[in-house]
Amino acid sequence: MKKKAGLLLTGIMLFVALIVGFSSTATKATASADASVDAPSGSQNPQATAPAEGTVSGPAVDVSQIAMNKQKTIVKVGKKSVLKISGTPSQVVWTSKNPQIATVSGTGTVKGVKTGKTVVTASVDGITLSCNVTVVAKMTKKDFSKFSGENFVAYCQRMGYNGGYAWKGQWKGNSKKRSTYRKIKIGATKAKVEKAYGDFTLVKCKAKDPFTKMKGLKKNKVKYYNDEVWGRYRIRFYYNSKKKVVAIILACNIGEIKKKDLKKYL
């Protein structure tokens, strides 16, 4: 009886030992599997390839390549001019030295407030770029008086512009010399016109423009023009290939002028 009890006890102890051994082996295998999942491929240390703190991603900015599209600009009161920065993806901080003369938005749009001069700066990547801003007067009725010898607006009304149009012109070769209220006359450069009226982009003359085929303008080989606008009234400056003024036209309802209306001038 005692022998049988001893054998039974021995069997129980062996069974318990087997269970404990199997459990230990399983735990180690699980731990090993977990470690292989957490660790990066080819590394025994999960933190070995972690980037160091303070590492800067992306290439460094070459400040010598940063530029502003304009070093100077001339705008009318109430009008805008857009400044842009190239050569960097960084955020730009825009500032106007005198916001009472001209303001600047967070994206570089300059707006004229009153006549005068100021400086707009752009700060980016540790450097500062500047643009000299000049604000000139906006167009008024005065701009349409001196050139015509009488108030052009009154002239247009006398000519019955409500039912059509009216115009007066000056071009190179005319015997009578005239100049605009802002002292622009035949022979002026584009830069001089901008100094008086603000920055603009020249428009290439098109065949449908009735004035370009006038004898006086055709003889002077007009190639470009720009419009200065006040309501329905325009001062149109025509330029040759050298970008010098060869004709000046004052007109109202300019879009209604047809070839037949200028027949005697063609």
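Residues numbered from 1 in each chain as written. Predicted model: local features only at pLDDT ≥ 70, side-chain atom pairs only at ≥ 80, totals over all residues. Heavy atoms only, no water.

1. Topic: the packing of aromatic side chains
Centre distance and the angle of the planes are the two values used to describe a pair of aromatic rings. By the definition in use, this model includes eleven aromatic pairs. An aromatic cluster of at least three residues, connected via ring pairs, comprises Phe 144, Phe 152, Tyr 155, Trp 230 and Tyr 233. Sitting over the face of the ring of Phe 147, Arg 178 holds its NZ or CZ atom 5.8 Å from the ring centroid. (Phe/Tyr/Trp six-rings, centres within 6.5 Å; stacked < 30°, edge-to-face > 60°. Lys NZ or Arg CZ within 6 Å of the ring centre and 35° of its normal.)

2. Re the sheet that holds strand S2 (residues 72-76)
Here we have four strands laid out as an open sheet, ordered S2-S9-S8-S5, and mixed in their pairing. Two strands bound the open sheet, and with one partner strand each, they are S2 and strand S5 (93-96). Ignoring strand direction, the axes of neighbouring strands in this sheet form an average angle of 25°. (Pairing = 2+ DSSP bridges. Helix = DSSP H or I, 4+ residues; strand = E, 2+ residues; numbered from the N terminus. Axes fitted to C-alpha atoms, helices over the stretch in contact; angles between N-to-C directions.)

3. Comments concerning the sheet that holds strand S7 (residues 109-112)
Spatial ordering of the open sheet is given by S3-S7-S6, a layout of three strands whose pairing is antiparallel. Only two strands of the sheet have a single neighbouring strand rather than two, namely strand S3 (80-82) and strand S6 (102-104). Averaged over all pairs of adjacent strands, the angle between strand axes in this sheet comes to 20°, irrespective of strand direction. Strand direction decides the pairing type here: S6 and S7, joined by three bridges, are antiparallel. Across the sheet, the residue bridging to Thr 103 is Lys 111, located in S7.

4. Points about the pattern of salt bridges
Tallied over the full model, the rule gives six salt bridges. Between Arg 236 and Asp 209 there is a salt bridge; the shortest N-O distance is 3.2 Å. One end of the pair, Arg 236, is in strand S13 (residues 233-239); the other, Asp 209, is in the loop between strand S11 (203-204) and helix H4 (215-219), and 27 residues separate them in sequence. Note on Arg 236: relative accessible area 7%, which makes it buried. Across the pair Asp 227 and Arg 236 runs a salt bridge whose closest N-O atoms are separated by 2.7 Å. Here the residues in one salt-bridge network are Asp 209, Asp 227, Arg 234 and Arg 236, joined through shared partners. (Salt bridge = Lys/Arg side-chain N within 4 Å of Asp/Glu carboxyl O. Buried < 20%, exposed > 50% of the residue type's maximum accessible area, 1.4 Å probe, protein only.)

5. Comments concerning the side chain of Thr 212
As for its position among the elements, Thr 212 is in the loop between S11 and H4. Given the relative accessible area of 11%, Thr 212 is considered buried. Within the structure, Thr 212 has its side chain in polar contact with the backbone oxygen of Asp 209 (distance 3.0 Å). Sequence-distant contacts of Thr 212, defined by excluding residues within four places in its chain, comprise Cys 205, Lys 206, Leu 217, Lys 218, Val 222 and Tyr 238. (Polar contact = N/O pair within 3.5 Å; in protein donor to acceptor, adjacent residues only side chain to side chain. Contact = heavy atoms within 4.5 Å.)

6. Some thoughts on the confidence of the model for the chain
It should be kept in mind that the predicted coordinates are not to be read in detail where pLDDT is low. Per-chain confidence: the chain averages 81 in pLDDT, with 77% of residues scoring 70 or above. Element-level mean pLDDT values for the chain span from 47 in helix H1 (residues 2-38) up to 98 in S6. Considering only residues more than four positions removed or in separate chains, one finds that residues 1-5, a stretch of pLDDT under 50, has zero contacts. A low-confidence stretch, residues 22-57 stays under pLDDT 50, and its non-local contacts, those more than four residues away or across chains, total six contacts. (pLDDT = per-residue confidence, 0-100.)

7. Things to note about the environment of Thr 201
Structurally, Thr 201 is set in the loop between helix H3 (190-197) and S11. The spacing of Thr 201 and Tyr 225 is 24 residues in sequence and 8.9 Å in space, taken between C-alpha atoms.

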